[in-house]
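Here's the letter readout for the chains.
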Amino acid sequence: MDTKQTLAALAALAQESRLAVFRLLVQNAPDGLAASKIGERLDIAPSSLSFHLKELSHAGLIASRQDGRFVIYSADIAAMNGLIGFLTENCCGGVSCKP
């Protein structure tokens, strides 16, 4: 992950509803959830949810797939690991970190 991708991911996650959606999808990885289930579990109106899912998708943090008449959203675990890796790449100057 590069700086531009990291900034997009962090910007997408810097909003309460989007962070909640992403965390829910991580908890339900790798299968994901239908948009209707996400909205029910987080009590987010469909119009708002659609906006948040679009933002997370544009940031590369989630993917969607068609399953019959439902759209299933899932966290992109590789992208999440890339973000974490980018943020911790130079942790403690390359020396093992101790609390």
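Sequence positions are assigned chain by chain, starting from 1 and proceeding in written order. The predicted origin of the model limits local features to residues at a pLDDT of at least 70 and limits the giving and counting of side-chain atom pairs to 80 or more, whereas totals for whole chains, interfaces and linings rest on all residues. Values shown for side chains rest on all heavy atoms present in the structure; no hydrogens or waters enter the calculation.

K.L.:
Help me get a handle on the side chain of T6, residues and values and all.
P.N.:
The topology assignment puts T6 in helix α1 (residues 3-13). What makes T6 buried here is its relative accessible area of 3%. Pairs of residues are marked as contacts when any of their non-hydrogen atoms sit within 4.5 Å. When neighbours within four sequence positions are excluded, T6 is seen to be in contact with M1, L83, F86 and L87. Helix and strand definitions here come from DSSP, where helices need a minimum of 4 consecutive H or I residues and strands a minimum of 2 consecutive E residues; each element is numbered from the N-terminal end. Relative accessibility under 20% of the residue-type maximum defines a buried residue, over 50% an exposed one, and the middle range a partly exposed one, all with a 1.4 Å probe and only protein chains included.

K.L.:
Can you lay out the UniProt feature "domain: HTH arsR-type" (unreviewed entry) in the chain for me, pointing to particular residues and giving the numbers?
P.N.:
UniProt positions are given in the numbering used here, feature names are shortened, and annotations may be inferred rather than shown by experiment. With numbering matched to this structure, UniProt assigns "domain: HTH arsR-type" (unreviewed entry) to residues 1-95. Taken end to end, residues 1-95 comprises 59% helix and 15% strand; its first and last C-alpha atoms sit 22 Å apart.

K.L.:
Account for the sheet that holds strand β1 (residues 33-34), with residues named and values stated.
P.N.:
Following DSSP output, two strands are said to pair if at least two bridges run between them. If you trace the 3 strands from one edge of the open sheet to the other, you get β1-β3-β2, paired in antiparallel fashion. Edge positions in the sheet fall to β1 and β2 (62-67), since each has one partner strand and no second. In terms of strand pairing, β2 meets strand β3 (residues 70-75) through 6 bridges, oriented antiparallel. Within the sheet, the bridge partner assigned to Q66 lies in β3 and is V71.

K.L.:
Lay out helix α5 (residues 77-88) with the relevant residues and their values.
P.N.:
For α5, spanning 12 residues, the distance from its first C-alpha to its last is 16 Å, which sits close to the expected 16 Å at 1.5 Å a residue. Residues A79, M80 and L83 constitute the buried set of α5. For α5, the arc enclosing every buried residue in end-on projection is 105 degrees, short of the 170-degree limit, so these residues lie on one face. For α5, the secondary structure elements touched by its buried residues are α1 and α2 (16-27). For α5, the N-terminal capping position is held by D76, with its side-chain oxygen 3.2 Å away from the main-chain nitrogen of A78. Expected span, for any helix, means 1.5 Å times one less than how many residues it has. Note that the arc is computed from the directions linking the helix axis to the C-beta atoms. Polar contact criterion, stated in full: a pair of N or O atoms within 3.5 Å, where within protein one must be able to donate a hydrogen and the other to accept it, and residues adjacent in sequence count only if both atoms are side-chain atoms.

K.L.:
Give me the packing of α2 against helix α3 (residues 35-42): which residues, what numbers.
P.N.:
When two helices pack together, their arrangement is captured by the angle between the axes and the distance separating the axes. Axis geometry follows a simple rule: fit a line to the C-alpha atoms, using only the stretch in contact for helices, then measure angles between N-to-C directions, giving values from 0 to 180 degrees. Where α2 contacts α3, the two axes come as close as 11 Å, and the packing angle between them is 115 degrees. Like other packed secondary-structure pairs, α2 and α3 cross with a definite hand, here right-handed. Listed contacts from α3 to A20, V21, L24 and L25 of α2 are I38, R41 and L42. Of the residues in the contact of α2 with α3, the class split is 6 nonpolar, no polar and 1 charged. Each helix crossing is assigned a hand: it is left-handed if the near helix lies turned anticlockwise from the far helix by less than a right angle, otherwise right-handed if that turn is clockwise. Residue polarity follows a fixed list, in which Ala, Val, Leu, Ile, Met, Phe, Trp, Tyr, Cys and Pro are nonpolar, Asp, Glu, Lys and Arg are charged, and the others, Gly among them, are polar.

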